[in-house]
Structures are given as C-alpha cells and as structure tokens.
Amino acid sequence: MGMLIDVHGHIGRVVPDRSEFIDVTNLITKMDAWGIDKTCVLPLSEHPEGAYLECDTEDVITACSRYPDRLIPFCLIDPRYGNRPDMDFSHLLEEYKSRGCKGIGELLPKMDFDDPRCLNLYRQAGKYNMPVLFDMQDREYGYGLRDDYGLPKLEHALRECPDTIFIGHGPTFWAEISSDVPSDNRSGYPGGPIKPGGAVPRLMRKYPNLWADISAGSGYNAMTRDPVFALEFLDEFQDRILFGTDSCLRSDVNHLYRNVAFIRELREKKKLSNEALEKIEWKNCCRLLNLF
Ligand SMILES: [Zn+2]
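Bear in mind that the values here come from a model prediction, so they are computed numbers and not experimental data. (Residues numbered from 1 in each chain as written. Predicted model: local features only at pLDDT ≥ 70, side-chain atom pairs only at ≥ 80, totals over all residues.)

## Focus: the sheet that holds strand β3 (residues 71-73)
Here we have three strands laid out as an open sheet, ordered β1-β2-β3, and parallel in their pairing. The open sheet has two edge strands with one neighbour each: β1 (5-9) and β3. Sheet twist, expressed as the average angle between the axes of neighbouring strands with direction ignored, equals 25 degrees. In this sheet, β3 lies alongside strand β2 (residues 38-41) in parallel orientation, the contact comprising three bridges. Bridging across to β3, Thr39 finds its partner in Leu71. (Pairing = 2+ DSSP bridges. Helix = DSSP H or I, 4+ residues; strand = E, 2+ residues; numbered from the N terminus. Axes fitted to C-alpha atoms, helices over the stretch in contact; angles between N-to-C directions.)

## Topic: helix α10 (residues 258-268)
For α10, the set of buried residues is Asn259, Val260 and Ile263. Across the axial projection of α10, the buried residues extend over an arc of 105 degrees, all falling on one side. α10 presents Ala261, Glu265 and Glu268 as exposed residues on the side facing more than 90 degrees away from its buried surface. Buried-residue contacts for α10 involve α1 (24-34), α8 (216-224) and α11 (274-289). Looking one or two places after α10, you find Lys270, whose phi comes out positive at around 50 degrees. (Buried ≥ 20, exposed ≤ 12 C-beta atoms within 10 Å, placed from the backbone. Arc of directions from axis to C-beta. Contact = placed C-beta atoms within 7 Å.)

## Points about the nonpolar core
Val41, Phe74, Ile104, Val132 and Phe166 are the most contacted members of the largest nonpolar core, which totals 85 residues. Residue contacts for Val132: discarding those within four places in its chain leaves Ile104, Gly105, Leu107, Tyr122, Ala125, Thr164, Phe166 and Ile167. (Core = buried A, V, L, I, M, F, W, Y, C linked by C-beta atoms within 7 Å.)

## Some thoughts on the sheet that holds strand β6 (residues 166-168)
Here we have five strands laid out as an open sheet, ordered β4-β5-β6-β7-β8, and parallel in their pairing. Looking along the sheet, the strands with just one partner apiece sit at the ends: β4 (104-107) and β8 (241-242). Pairing of β4 with strand β5 (residues 132-134) involves two bridges; the strand directions are parallel. Residue Leu107 lies in a different strand from β5, and its bridge partner there is Phe134.

## A word on the environment of Lys283
Positionally, Lys283 belongs in helix α11. Each C-alpha atom of the pair Lys283 and Asp239 lies 8.8 Å from the other, and the pair is 44 residues apart in sequence.

## Section: the pairing of strand β7 (residues 210-213)
Across the two faces of β7 the burial is the same, with Leu210 and Ala212 and Trp211 and Asp213 all buried. Sheet topology note: the β6/β7 ladder contains three bridges and is parallel. The residue of β7 that forms the bridge with Gly168 is Ala212. Pairing of β7 with β8 involves two bridges; the strand directions are parallel. Bridge pairing in β8 places Asp213 opposite Leu242.

## Overview of helix α7 (residues 199-206)
Owing to its 3.6 residues per turn, the α-helix aligns residues three or four sequence positions apart on the same side. Among the residues of α7, those classed as buried are Ala199, Val200, Pro201, Leu203 and Met204. Tucked inside the fold, the buried residues of α7 contact α5 (152-160), β6, α6 (171-175), β7 and α9 (227-236).

## Some points on the pairing of β2
With burial as the criterion, each face of β2 is covered, one bearing Lys38 and Cys40 and the other bearing Thr39 and Val41. Two elements, β1 and β2, share three bridges in a ladder whose sense is parallel. Bridged to Ile5 within β2 is Lys38. You can see the chain leave β1, run along α1 and come back into β2, and the turn it takes is right-handed. Regarding topology, helix α2 (residues 57-66) serves as the crossover connection from β2 to the parallel β3, and that connection is right-handed. (Right-handed = clockwise from strand over helix to strand, strands pointing away.)

Dropping the structure here:
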C-alpha cells in the first residue's frame, strides 16, 4: 500500500499578509488535490518572530482533532521561555505529548543554533522522544536559527544531544549541502552543481540523529540544482529523509505544489528504487513518529 505523508504543513495565518488564512478545510483540500494522506501540522507563533501570525500549538491541536486520521500535531516551545539555560520545559512537553503532539517545530528563533537555551530545549525534547524540526537562515534579522559556514553549531548540538533527532530544513541548511556556499546567497537558493564535501552530507554520515526534510523552496532547490548529486544523496540517506511541502498560502491549492511534483516525477520516471522512495514518501515519517 503506497502512501504519502507531508512532514511539514501549516494552518492559520502563516505569512504577514492579513488577507491570508489557511483554515483546516483548505489544508485538507490541498492534501486531497495533491494525493497526500497525512500531514504534520507545525505551529509558528510561540516565537516572538512569529507572534502576530496565528498558528500556535493550541490552534494546531484543535485543528488536528477535527481530522485525526489525516492530521498530526506538532508543538512549539520557544527556547527563550524562562530565559535561562536550565529552564525546565517538562510541564509543557508532558502536556503536549499527552495531547498527541509528535514533535517540536517549526523551531525558528533568531538565535545561534547552539545557544545554551536551545541546547537545553533539544536535550529535553530528546528525553520525551520528540524530534526537533528546525529552520536555519543565516541572516541578521527575520527568523531562523543561525550557524557558521560548515555548520559547527549544528554539529555541536548533534554531539551534545545524541538522543535528540534533528530534522534539518531551510535555506542555510540546504545551501550547506555543497562545500562551496556562496556568501551572497547563503540564505537563498544557490544554483548550479553541488560540490562534494558539504556540511550536510558530512554531518548526516557522522550523526545518525540528523534527519532532513526536503520541503519548501529550499529543499526543492537542493534536490533539483544538481539532479545527479541529489539522487545519490537521496539514495545514501534514504532512511532519514522526509517528504514535505511547507505550503503557506491558501491559493497553493490551485496548482500542483513543486515538492509534490518532484516526488511524483521520481516515482513516475523510476529514478530511485521503490524501497527508497517509499521510505521518503511515508515509511520514515511513520517510524520516526511512531504513527502506526
Ligand atoms: Zn514551514
């Protein structure tokens, strides 16, 4: 039985445009149109960077409870809550877990990836078996965790928190799939051939607790800028890569989303083994989140 699970979905007000609002029926319509069986729904607005969006953990839990067979809630905790490196988050983690949340994300504060307050959250997430899906954007303002070239801060966290699963996402994470990362486009969508020796493949080889989602423009760009490299990458890391969309607009329903088109093409043109493809489409997500 084939299936498609989106590890990266959103509801509510996800972008600053006040006329945009993804209600849960719109999300279900998109899933039906694109052949997606289940979607993990990720809150954003616990972070001050997303405070005026409307999609916090409560919104997500409520929406997911209307479609328990289709939607899987994640929860979000801001690492700055309590503002200390030993803040105890267990009251939140316990509550969210008991209410069905399967992971933490989308974690995107404008902080260093290995800020002590972040390491503290990662460690506690691991104790509760909650994978952490993060967005990385190395720019001064806006949102997204920060890291230096070669991702030493991510490596620090992977080493310090071996019991925590990290799901990589976002422009800077995916720019680092290549060893040559353009300084003027490190938070964008660098094109052209991928030079071997990049931080992402290096860290994925070294740390079994690093996973990745191939959602959004960033994942799509990394998978399409150098097709030969991407297929080798997907094959090598087939046990830790997750399909996702990161669709953020109501009107996305009117076209076939790029990440869905990408995975369909892999299947139709038989570019990967069926076994590898099924893992990326749904089996990895099931295993990681203990879905069924
Ligand atoms: Zn997202």
